[in-house]
Amino acid sequence: MEHGSSSNSGQRLVVTVAGDEGSSRLDRVLAVRRPELSRSRLKALILAGSVTIGSAPIRDPAYHVTAGDTITIDVPEAVAAEPRAEAIALDIVYEDDDIIVIDKPRGLVVHPAAGHETGTLVNALIAHCGSSLSGIGGVRRPGIVHRLDKDTTGLMVAAKNDRAHKSLTEQFADHGRTGAMRRGYMAFVWGLPNRQRGTVDAPIDRHPHAREKMAVRESGREAVTHWEIQEAFNGRDGKPVAALLACQLETGRTHQIRVHLAHIDHPLMGDNVYGPHFKTKASHLGPQSQAALTALGRQALHAYLLALEHPQTGAIFEWISDLPDDLARLRDSLRATQ
């Protein structure tokens, strides 16, 4: 049996230990019976003395419960988030009580960090969601489970509560191996791969000399990117100069697509970090394409596809985002060169 009540000071949850749960660990019983609370959140509540059996606080997550025990969890009201709310316009694709999906524009940093303490997606979500954020780990903030680089555009999802955060974290960790999660990207690359589709399976770690960069390294973490040619573009000489690839991630490493495509000698157009030595290829483009690439001023990458299982209902959701105007202009100009 379990039930809950709420007040201005938080929420009280009550769980009665079932017969087959006797002798089980306290944290494991609560993780199963109260899935809206993450394991880390439950552990913090236990250690803080917010979990009681009878009238006695149980501060040991490994405490073995007894069948018939009545466990009370006092969940304090979520505290205000440290990043301040900022009224920043968002392109909201979908929103309900559990998740919010946005189409991120170029130039928007996801998390506050050194040099970007304000004006981030987190600041914007705190302002937009307000009281609908029930708290991630006891803090009234959005649960960010994946990121896009500052100048990468496209679809992102954030959680509004612990239950959703836990579900999305698990789905992103699985990366569609057993579930519905899919993330697709449109990537404009230099050159034309010599086959229609392929997979880059190469571990990624910090660059040994440039710490702001990532690199393919044997010591790195597993990283797998699948790609398929969607369109090929010829230069002024009639020879292939660029291509549009659809990429899907099987892992989620920092700068993964940018690193992997550069690794196979097809770096992203406009990527001055991982493809600067390909700048001279711009001379093979037509005047319109050269102008569109110069105006782009960023890596030509867009997160166009996001599919996932809804944390509450289990329904499969899929969203598609069209190319933003700057990438659409690049595509159209590349087509016109041919």
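Residues numbered from 1 in each chain as written. Predicted model: local features only at pLDDT ≥ 70, side-chain atom pairs only at ≥ 80, totals over all residues. Heavy atoms only, no water.

Student: Requested: an account of the overall build of the protein chain, with residues and values cited.
Tutor: Looking only at helices and strands, the protein chain has 7 helices and 19 strands in total. For the protein chain, the proportion of its 338 residues judged to be buried stands at 48%. Carbon and sulfur atoms provide 48% of the accessible area of the protein chain, an area that totals close to 16000 Å². Within the protein chain, the 40 negative side-chain charges are centred at a point lying 5 Å from the centre of the 39 positive side-chain charges. (Helix = DSSP H or I, 4+ residues; strand = E, 2+ residues; numbered from the N terminus. Buried < 20%, exposed > 50% of the residue type's maximum accessible area, 1.4 Å probe, protein only. Areas by Shrake-Rupley, 256 points an atom, 1.4 Å probe, with all protein chains shown as cover. Lys, Arg positive; Asp, Glu negative; His and termini not counted. Charge placed at Lys NZ, Arg CZ, Asp CG, Glu CD.)

Student: Residues and numbers for helix α2 (residues 39-47), please.
Tutor: Those residues of α2 lying buried are R41, L42, L45 and I46. Projection of α2 onto a plane perpendicular to its axis shows the buried side chains occupying an angular sector of 135°, all on one side. Pointing more than 90 degrees away from the buried face of α2 are the exposed residues R39 and S40. Considering only its buried residues, α2 is in contact with α1 (26-33), β3 (51-53), β5 (70-76) and α4 (162-174). G49 sits one or two residues past α2 and shows a positive phi near 85°. (Arc of directions from axis to C-beta. Contact = heavy atoms within 4.5 Å.)

Student: Break down the packing of aromatic side chains for me, citing the residues and quoting the values.
Tutor: Inspection of the entire model under this criterion finds 4 aromatic pairs. Judged by centre distance (5.1 Å) and plane angle (55°), the ring pair of Y94 and F317 falls under tilted. Separated by 223 residues along the polypeptide, Y94 in strand β7 (residues 92-95) and F317 in strand β19 (residues 316-320) bring together distant segments of the chain. Judged by centre distance (6.3 Å) and plane angle (20°), the rings of F188 and F233 are stacked. A residue pair is termed long-range when its members are at least 10 positions apart, and F188 in strand β12 (residues 182-190) and F233 in strand β16 (residues 224-234) qualify at 45 residues. (Phe/Tyr/Trp six-rings, centres within 6.5 Å; stacked < 30°, edge-to-face > 60°.)

Student: Go over the layout of surface pockets, please, and point to the residues and values.
Tutor: Volume-wise, the largest pocket comes out at about 1000 Å³. Lining the largest pocket are 36 residues, with R147, L148, D149, T254 and H255 sitting closest to its centre. Secondary structure elements with two or more residues in the lining of the largest pocket: α4, β12 and α5 (256-263). Grouping the amino acids of the lining of the largest pocket by side-chain chemistry returns 13 nonpolar, 12 polar and 11 charged. (1 Å grid on protein atoms, 1.4 Å probe; cavity = no way out; pocket = protein on both sides within 12 Å on 5 of 7 lines; lining within 4 Å. Points joined across faces, edges and corners; volume = space filled by probe spheres on them. Nonpolar A, V, L, I, M, F, W, Y, C, P; charged D, E, K, R; others polar.)

Student: Which residues make up empty space enclosed by the protein, and what values do they have?
Tutor: Which parts of space are left empty comes out when a probe the size of a water molecule is rolled across the atoms. Enumeration according to the criterion identifies 1 cavity of 30 Å³ or more in this entry. Looking at the largest cavity, its volume works out to about 30 Å³. Lining the largest cavity are L155, R183, G184, Y185, A303, L305 and L306. Sorting the residues of the lining of the largest cavity by element identifies β12 and β18 (301-309) as the ones contributing at least two each.

Student: Break down the pairing of β5 for me, with residues and values.
Tutor: By the bridge criterion, 7 bridges tie strand β2 (residues 10-16) to β5 in an arrangement that is antiparallel. Paired with Q11 across the bridge in β5 is V75. Here β3 runs beside β5; their pairing, made up of 3 bridges, is antiparallel. Opposite T52, over in β5, you have T72 as the bridge partner. (Pairing = 2+ DSSP bridges.)

Student: I'd like a description of the confidence of the model for the protein chain, backed by residues and values.
Tutor: Regions with low pLDDT carry predicted coordinates that are not meant to be interpreted in detail. Per-residue pLDDT for the protein chain has a mean of 89; in total, 93% of the residues score no lower than 70. The spread of mean pLDDT over the elements of the protein chain runs between strand β1 (residues 2-7), the lowest at 54, and β19, the highest at 98. (pLDDT = per-residue confidence, 0-100.)

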